[in-house]
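Coordinates in review
Listed below are the residues making up each chain.
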Amino acid sequence: MKLLLPYLKLYRRHSFRLTLGVVLAIAALLASIGLLTLSGWFLAAASLAGFAGLYSFNYMLPAAGVRGAAITRTAARYFERLVSHDATFRVLQHLRVTIFAYLLPLTPGRLSRFQQGDLLNRLVADVDTLDHLYLRVISPMVGAFCVVLVVMVGLSWLDVQLAMTLGIILLATLIALPPLFYRLGYAGGAALTRQRSEYRSLLMRWLQGMAELRIYGAEPDYRHKLNGLEQQWQTAQQRQAGLSAWSQGALILISGLTVTLMLWLSAAGVGDLIKPGALIALFVFCSLAAFEALAPVATAFQHLGQVIASAGRVTEITTQRPAVSFDGDRQQAVSEVSLALEQVSFSYENSSFPALQDISLRLHAGEKLALIGRTGSGKSSLLQLLTRAWDPQQGEITLNGCPLASWQESALRRMTTVVSQRVHLFSATLRENLLLAASEASDQQLVAALQQVGLEKLQDNQEGLNAWLGEGGRQLSGGERRRLGIARALLHDGALWLLDEPTEGLDAHTEQQILSLLRQVTRDKSVIMVTHRLQGIEHMDRIGVMDGGRLVELGSHQELIAKRGRYSDFQQRYAL
Ligand code: ATP
Ligand code: MG
């Protein structure tokens, strides 16, 4: 239950609308009870009065009361739905924005522990489930308590004993049933939340990996697992629905017994009247109507398990601390960038070995450094530290003499141009995919960048830059995606270029073209280029060789060749 506290606090901001919703709900419930009680009494009294009472019995006043109650009930119900749903949507909107604000700084470091489908499920389905808290728990509970009190006080004008008997039965039901069904439904509700998430995550993985699963013939096994999970989820839903039926059944049974009891007790006399006549109907209908107000309460608590499980899952996101926080305020525009790494060591979370160890390195303004090394030696990790996707656990990185952390995020982004190892393309148009690197760029500039990387054919059709790139850029080949990444870099044009295997997947001729283009556009920039290819590497000012997270060699092409170490080995073995 403690898990719900932070979400209850969110209600404070919308307290007026939420309270108004509860007040209207109470008004609708009371009008409903008034309607049934009054009309029951009215019909009974009218039939008892019969023709003889045609002139003595006052038909007009109760009839007007019945109509008034009916109109009030309809109007109150309408406005209650309007106000309470509006308030809940506002709370949900506030909640989603709050969660997003927590979520953004967590990327990429802390989010890697959540599967994509699961994260989406937390953001959408779990947040949606939290609206039960007000609509299905708080509002009906408060409403039911108020109704019980009003019924007790109202009926005690006629007969205190009868009113107390009915009130105590109602209160006892209200106090006993919700905790009972909360306990019975808790485990099932929590399991439902978990199974829903597992099913959706698995479904998403199945759809995304369909091509691979088919190739290896693993698709039927996967589908079998999916079907099994769906079956479990359905069984859990059926169990919850069965429990709802039991709670409704219990309420109907208590209601039936109470009505019979009231019939029996009121028949023996109401207040001073030994022959109460139509007042018997009044008590009976009032009891029936009061139990109607209690109807949503038992099931509400049964769903509380689901709400608590969802709250827990959302809290898991909001309690994560970002791996990196951008609190720096340095923001001057720079045209030259120098870097220094002093004994930098870094390990990924949950990793048993360090990805980088004791790296010390200086990159002067305008210098070009190539990083080579075996796969997994830490080259991309080093670039990720420079973009502050992560911060090192030891050592310090400075940019133009100031700690990297002292720079404002926007300033850092402006001055660094990155071509990452896996270029991500959005399911959007070609224009949108390019504009994210330079939002102000004109169409001419976009086309020029495409021409420079040899991708002008992408916009050489009817749609031009509006050409749709398909889901995650799937319509493009690996080499085209990479060149689009380079086109983005050309548009962004920062003072520091971090290139992670920019020519990977390109044929030798295109590679030559791209390398000479990069040399030309980065003439006065600082560059760190990770590469597996030795093609054109002698043009770089210095070359660093990485192995097992360490920088094992650093120097110019000539120096390293003369040294006859790893680099000269590489050259002898792989140079074309
Ligand atoms: P490649 O040439 O294959 O791109 P690399 O030199 O760029 O390799 P990195 O990607 O820096 O290598 O990885 C260095 C080590 O850190 C590897 O052992 C890798 O498994 C590990 N690693 C990389 N990314 C993560 C991550 N997000 N979480 C945990 N470990 C990681
Ligand atoms: Mg890499």
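Residues numbered from 1 in each chain as written. Chains lettered and ligands numbered in written order. Predicted model: local features only at pLDDT ≥ 70, side-chain atom pairs only at ≥ 80, totals over all residues. Heavy atoms only, no water.

Focus on the coordination of the magnesium ion (ligand 2)
Distances from the magnesium ion (ligand 2) to its protein donors, Ser380 (OG) and Gln421 (OE1), fall within 1.9 to 2.2 Å. Of this pair, serine 380 sits in helix α10 (residues 379-386) while glutamine 421 sits in the loop between β6 (416-419) and α12 (430-435), and the two are 41 residues apart along the sequence. (Donors = N, O, S within 2.8 Å, 3.2 Å for Na, K, Ca; no water. Helix = DSSP H or I, 4+ residues; strand = E, 2+ residues; numbered from the N terminus.)

Here we look at the site of ligand 1
For ligand 1, the set of nearby residues contains 14 residues, the closest of which are Thr375, Lys379, Ser380, Ser381 and Gln421. At 3.0 Å from an oxygen atom of ligand 1 is found a main-chain nitrogen or oxygen belonging to glycine 378. The separation between an oxygen atom of ligand 1 and a polar side-chain atom of glutamine 421 is 2.7 Å. Here ligand 1 loses 66% of its free accessible area of 630 Å² to cover by the protein chains. (Near = heavy atom within 4 Å. Polar contact = N/O pair within 3.5 Å; in protein donor to acceptor, adjacent residues only side chain to side chain. Areas by Shrake-Rupley, 256 points an atom, 1.4 Å probe, with all protein chains shown as cover.)

Digging into unusual backbone geometry
Located in the positive-phi region is aspartate 493, a residue other than glycine, with phi close to 50 degrees. Here aspartate 493 lies in the loop between α14 (478-492) and β7 (496-500). Taking the relative accessible area as the measure of exposure, aspartate 493 reaches 38% and is therefore partly exposed. Positive phi values are uncommon outside glycine, yet arginine 564 reaches one of about 55 degrees. (Buried < 20%, exposed > 50% of the residue type's maximum accessible area, 1.4 Å probe, protein only.)

Side note on helix α17 (residues 566-574)
All buried positions along α17 are accounted for by Tyr567, Ser568, Phe570 and Gln571. Down the axis of α17, the sector holding all buried residues measures 155 degrees, keeping them to one side. Every exposed residue of α17 that faces more than 90 degrees away from the buried side is listed here: Gln572 and Arg573. On its buried face, α17 is in contact with β3 (368-373), β9 (542-547), β10 (550-555) and α16 (557-563). (Arc of directions from axis to C-beta. Contact = heavy atoms within 4.5 Å.)

Quick word on the pairing of β10
The side chains of a regular strand alternate between the sheet's two faces. The pairing of β9 with β10 spans 5 bridges and is classified as antiparallel. In the strand pairing of β10, glycine 544 is matched with leucine 554. (Pairing = 2+ DSSP bridges.)

What to know about the sheet that holds strand β1 (residues 339-346)
Read across the sheet, 4 strands follow the order β2-β1-β4-β5 without closing on themselves; strand pairing throughout is antiparallel. Two strands lie at the open edges of the sheet, namely β2 (356-363) and β5 (402-403), each paired on one side alone. Where β1 lies against β2, 5 bridges are found, and the strand directions are antiparallel. Paired with leucine 339 across the two strands is leucine 363, which belongs to β2.

A closer look at the side chain of aspartate 118
By the secondary structure assignment, aspartate 118 is in helix α4 (residues 116-129). Residue aspartate 118 is classed as buried on the basis of its relative accessible area, which comes to 9%. In terms of polar contacts, aspartate 118 uses its side chain to reach the side chain of serine 197, at 2.8 Å. Those residues within four positions of aspartate 118 in sequence are excluded, and the remaining contacts are Ser197, Ser201 and Arg313.

A short note on a nonpolar patch on the surface
Taken together, the side chains of Tyr78, Phe79 and Leu82 define a hydrophobic patch exposed on the protein surface, amounting to about 320 Å² of accessible area. Here tyrosine 78 lies in helix α3 (residues 60-103). (Patch = residues over 30% accessible without salt bridge, like charges linked within 9 Å, V, L, I, M, F, W, Y side chains within 5 Å. Salt bridge = Lys/Arg side-chain N within 4 Å of Asp/Glu carboxyl O.)

Regarding the pattern of salt bridges
One pass over the full model with this rule turns up 21 salt bridges. Notably, a salt bridge pairs arginine 533 with glutamate 511, separated by 2.9 Å at the nearest N-O pair. Of this pair, arginine 533 sits in the loop between β8 (526-530) and β9 while glutamate 511 sits in helix α15 (residues 508-521); the two residues are 22 residues apart in sequence, bridging distant segments of the chain. In this structure, a network of salt bridges that share partners links the residues Asp118, Arg122, Asp126, Arg196, Arg313 and Glu316.

Comments concerning the sheet that holds β6
Adjacent strands of a sheet pair through backbone hydrogen bonds, lying either parallel or antiparallel. Across the sheet, which stays open at both edges, the 6 strands sit in the order β6-β7-β8-β3-β9-β10 with mixed pairing between neighbours. Each edge of the sheet is formed by a strand with only one pairing partner; in this case those strands are β6 and β10. Strand-to-strand twist across the sheet, computed as the mean angle between neighbouring axes with direction ignored, equals 15 degrees. Sheet contacts for α10: β3, β7, β8 and β9; angle to β7, the most-contacted strand, approximately 150 degrees. Running at roughly 95 degrees to β9, α17 makes contact with β3, β9 and β10 of the sheet. (Axes fitted to C-alpha atoms, helices over the stretch in contact; angles between N-to-C directions.)

Focus: the side chain of serine 377
Position of serine 377 relative to the elements: it lies in the loop between β3 and α10. Among the polar contacts listed, one links the side chain of serine 377 to the backbone oxygen of arginine 374, at a separation of 2.6 Å. Residues in contact with serine 377, not counting those within four places in the same chain, are Ala355, Met546, Asp547, Gly548 and Gly549.

Details of the state of the cysteines
One pass over the full model with this rule turns up 0 disulfides. In this structure cysteine 286 is not part of a disulfide, and its nearest cysteine sulfur, from cysteine 146, lies 15 Å away. With relative accessibility at 5%, the residue cysteine 286 sits in the buried group. (Disulfide = S-S within 2.5 Å.)

What about the nonpolar core?
As a rule of thumb, soluble globular proteins bury nonpolar side chains together. Membership of the largest hydrophobic core comes to 63 residues, with the highest contact counts inside it found for Val151, Leu155, Leu170, Leu294 and Leu304. Contributions of two or more residues to this core are made by α1 (5-10), α2 (15-49), α3, α4, α5 (132-156), α6 (160-208), α8 (219-267) and α9 (278-318). Setting aside its immediate chain neighbours within four residues, leucine 304 contacts Met1, Leu4, Leu133, Val137 and Tyr182. Counting residues in each nonpolar core, the second largest holds 42 residues, with Ala438, Leu458, Leu469 and Leu518 among its members. (Core = buried A, V, L, I, M, F, W, Y, C linked by side-chain atoms within 4.5 Å.)

Overview of the domain arrangement of the chain
Domain boundaries assigned for the chain yield domain 1 (2-318) and domain 2 (339-574). Between domain 1 and domain 2, the C-alpha centre-to-centre distance is 56 Å. (Domains from an automatic or database assignment.)

A look at the packing of aromatic side chains
For the structure on display, the rule yields 7 aromatic pairs. Taken together, the ring pairs connect Phe346, Tyr348 and Trp390 into an aromatic cluster. Sitting over the ring of tyrosine 222, lysine 225 keeps its end group 5.3 Å from the ring centre. Positioned above the aromatic ring of tryptophan 407 is the side chain of arginine 330, whose terminal nitrogen or guanidinium carbon lies 6.0 Å from the ring centre. (Phe/Tyr/Trp six-rings, centres within 6.5 Å; stacked < 30°, edge-to-face > 60°. Lys NZ or Arg CZ within 6 Å of the ring centre and 35° of its normal.)

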